[in-house]
Amino acid sequence: MGTGDSHGVAIAQIVSACMGGIRTAGDLVAWMQLTRRMRIDKAKEYVAKKLNLNLQNLTDETIMSKVRSENGIGSVIPDHVEYMGMAAKSNISRLLDITIHSVELYKRHLHG
Amino acid sequence: MKDIVVSRGDGNLIEFSEDELYKDIVKGSENAAQKGKIDGLSKAEINHLVDIFSQPGKTVSVDPGKEVVVSDDGAGLMASWGRPSAGHAIPISDHQSILMYERVYCGDTCGLGFPDYSYKPVKSAIGYARSHYKTISMLTTIPLIYGSQPNMGMYYHPTGPIPTPFDYFTKYEFEKGFQLQEEAAQIMRDDIYYVAEQLYEVGCEAINLDTTASAGDAEFWGALQVVEDIKSRLPDMPVEMGMAGEEVIGMHGKLTYQGERLAGMYPHQQVEMAAKAGVDIFGVAVNSDTGRSTPYNLARAVTFTKAAAEQSSIPVHANSGMGVGGMPMTLLPPIGCSTRCAKALVEIGKADGL
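Everything numeric in this text was worked out from a predicted model, so none of it was measured. The residue numbering used here restarts from 1 in each chain and proceeds along that chain's sequence as written. The naming scheme follows written order: chains are lettered A onward, ligands numbered 1 onward. Given that the model is predicted, a residue must reach a pLDDT of at least 70 before its local features are reported, and side-chain atom pairs must reach 80 or more before they are shown or counted; all residues, however, enter totals for whole chains, interfaces and linings.

A. Quick peek at the interface of chain A and chain B. Here contacts are defined at the residue level, using C-beta atoms placed from the backbone and a cut-off of 7 Å between them. The interface of chain A with chain B comprises 50 residues on the first partner and 67 residues on the second. What counts as a helix is a DSSP run of H or I of at least four residues, what counts as a strand is a run of E of at least two, and both are numbered from the N terminus. Of all the secondary-structure elements, those providing two or more residues to the side of chain A that touches chain B are α1 (9–17), α2 (26–36), α5 (85–96) and α6 (101–111) of chain A. Its residues assigned to classes, the side of chain A that touches chain B shows 24 nonpolar, 20 polar and six charged. Lys, Arg, Asp and Glu make up the charged group, whereas Ala, Val, Leu, Ile, Met, Phe, Trp, Tyr, Cys and Pro make up the nonpolar group; the residues left over, Gly among them, are polar.

In structure tokens:
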């Protein structure tokens, strides 16, 4: 799938053609492709609407850093580390109105 | 004047004049169009591809706003893994490697897998796979996708329980050869489902059937059936399916899925079958010819990818690793080549992701 396993190809392709994961809104768009089978344009529109942003904002690091911090959905900045991993995914699930299986299982374990 | 430097399918650099570049792109597109019975690239798309290769910079990128998301078949584990085909063998854990991929390289999703990257060996190490997945997924924010290859060839002698069907074909015992392939496909189907179910129990966020149909149409047939199993019995488990090549090889030849013959299918037909089975993201794989130029190989890849993307109801990711998606068949692809393939597959191939 996707980018491959030859040395160095992933970094080059991420920088040249991809959204940038938790640096921007790339992971949020990927969640929509996986959970709702949305094509790229529709997934971006959906995420932008949920975050009350325009499409350009989704790959704007300055704006997305603030949005990610405010919503507790993790980022690459150490100050935002309190919401990383399962805590961030829990907030992403609520924010995007999607079911993330790992989050649902974690909630079940948490509440017995 | 030969002033455009491009790669060849074996990774070596070659020089082209603009006319030679144009002609190779046309040839590549025509080859894909002829084989797949699909539209070739338009004049504007060919000129766009010529422009991508002619840009003087070392690297290129998509226009702002056209970015897509990235999936992978082990890219997040390359730092920690060391094996002949890929990996840097840095003495860190897979856990550390994946967190670096998420927070330093900034991939949109990340793949996790077992070094022996097929479902059959994962079954034997399922306890390790479960704890590996569970521990890492607690700390990752991006989707963590468990990947492996169906790799039906592993179910034949000497590594598997099924006699090699091709021994029977050479004796003209065709029905026996067909039957053995179908048996292997069913065992593979059971193994993949077993691994998926075990990982689902520890919260698996998505599963990837990578390099599907490497053993031909019977493998594709078995993989489509296990996707149905997963989607019907494991709620909220997304499935990715990446292919082994642009054509499903007819090692069996007679198998059908929902009335369609699988042998000989090209990406625009493969994606339709995958979507019907329940696949959420489909990976187009177009193989590179090591004796041809990257412009030729990329033109082929872009032509097939565009046809699949136009046909598809689900997201299409272009496989762009070693020897696929226009990329050379080499461990160390030139950066300029990697970025040119990425830009073309997204901007002309209309891929929803890489």
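Structure's up, so let's keep going.
B. Representation of the packing of helix α10 (residues 294–311) of chain B against helix α11 (residues 335–347) of chain B in the model. All names here are of chain B. Working convention: axes come from line fits to C-alpha atoms, limited for helices to the stretch in contact. Angles between N-to-C directions cover 0 to 180 degrees. As a packed pair, α10 and α11 sit with axes 10 Å apart at the nearest point and diverge in direction by 30°. What the angle tells us is that α10 and α11 run roughly parallel. For the element pair α10 and α11, the recorded crossing hand is right-handed. Residues Thr294, Leu298, Ala301, Val302 and Thr305 of α10 form the contact with α11, whose own contacting residues are Cys337, Cys341, Ala344 and Leu345. Split by residue class, the contact of α10 with α11 holds seven nonpolar, two polar and no charged. Roughly parallel covers angles under 35 degrees, roughly antiparallel covers those over 145, roughly perpendicular covers 65 to 115, and oblique covers all other angles. Two helices crossing with the near one rotated counterclockwise from the far one by less than a right angle form a left-handed crossing, whereas a clockwise rotation gives a right-handed crossing.

C. Region of the structure containing the environment of B:Gly326. Residues and elements named next belong to chain B. Mapped onto the elements of the fold, Gly326 is located in the loop between β10 (316–318) and α11. Through-space distance from the C-alpha of Gly326 to that of His88 is 23 Å; in sequence the pair is 238 residues apart. Among residues more than four places away in sequence, those in contact with Gly326 are Ser288, Thr294, Asn297, Leu298, Ala301 and Cys341.

D. Seen up close, the sheet that holds strand β4 (residues 144–148) of chain B. Residues and elements named next belong to chain B. Strand pairing is assigned whenever DSSP detects at least two bridges linking the two strands. Taken in spatial order, the six strands make up an open sheet running β3-β4-β5-β6-β9-β10, and their pairing is parallel. Of all the strands in the sheet, just β3 (110–112) and β10 have a single pairing partner and so form its edges. Taking the axes of each pair of neighbouring strands and ignoring which way they run, one obtains an average angle of 25° across the sheet. Sheet topology note: the strand β9 (residues 281–284)/β10 ladder contains three bridges and is parallel. Counterpart to Gly283 in the pairing with β10 is His317.

E. Structural context of the nonpolar core. All names here are of chain B. Throughout this description, the term nonpolar core refers to a group of buried Ala, Val, Leu, Ile, Met, Phe, Trp, Tyr and Cys residues whose C-beta atoms join them within 7 Å. Exposure classes come from backbone-placed C-beta atoms, where a residue is buried if 20 or more other C-beta atoms lie within 10 Å of its own, exposed if 12 or fewer do, and partly exposed in between. Core analysis: the biggest nonpolar cluster contains 141 residues, and Ile207 and Leu345 have the highest contact counts within it. The element best represented in this core is helix α7 (residues 174–200), accounting for ten residues. The contacts of Ile207, once residues within four sequence positions are left out, are Ile145, Tyr146, Ala196, Leu199, Ile230, Met237 and Val239.

F. Up close: the environment of A:Arg108. Following the sequence through the fold, A:Arg108 ends up in helix α6. Sequence-wise, A:Arg108 and A:Ser90 are 18 residues apart; in three dimensions their C-alpha atoms are separated by 12 Å.

G. Broad picture of the packing of helix α3 (residues 94–105) of chain B against helix α5 (residues 126–137) of chain B. Residue and element names in this part refer to chain B. Where α3 meets α5, the closest approach of the two axes is 10 Å, and the angle between their N-to-C directions is 40°. The pairing of α3 with α5 is recorded here as oblique in orientation. When you trace α3 past α5, the crossing you get is right-handed. Contact residues: Asp94, His95 and Ile98 in α3; His132, Thr135 and Ile136 in α5. The residue inventory of the contact of α3 with α5, partitioned by class, reads two nonpolar, three polar and one charged.

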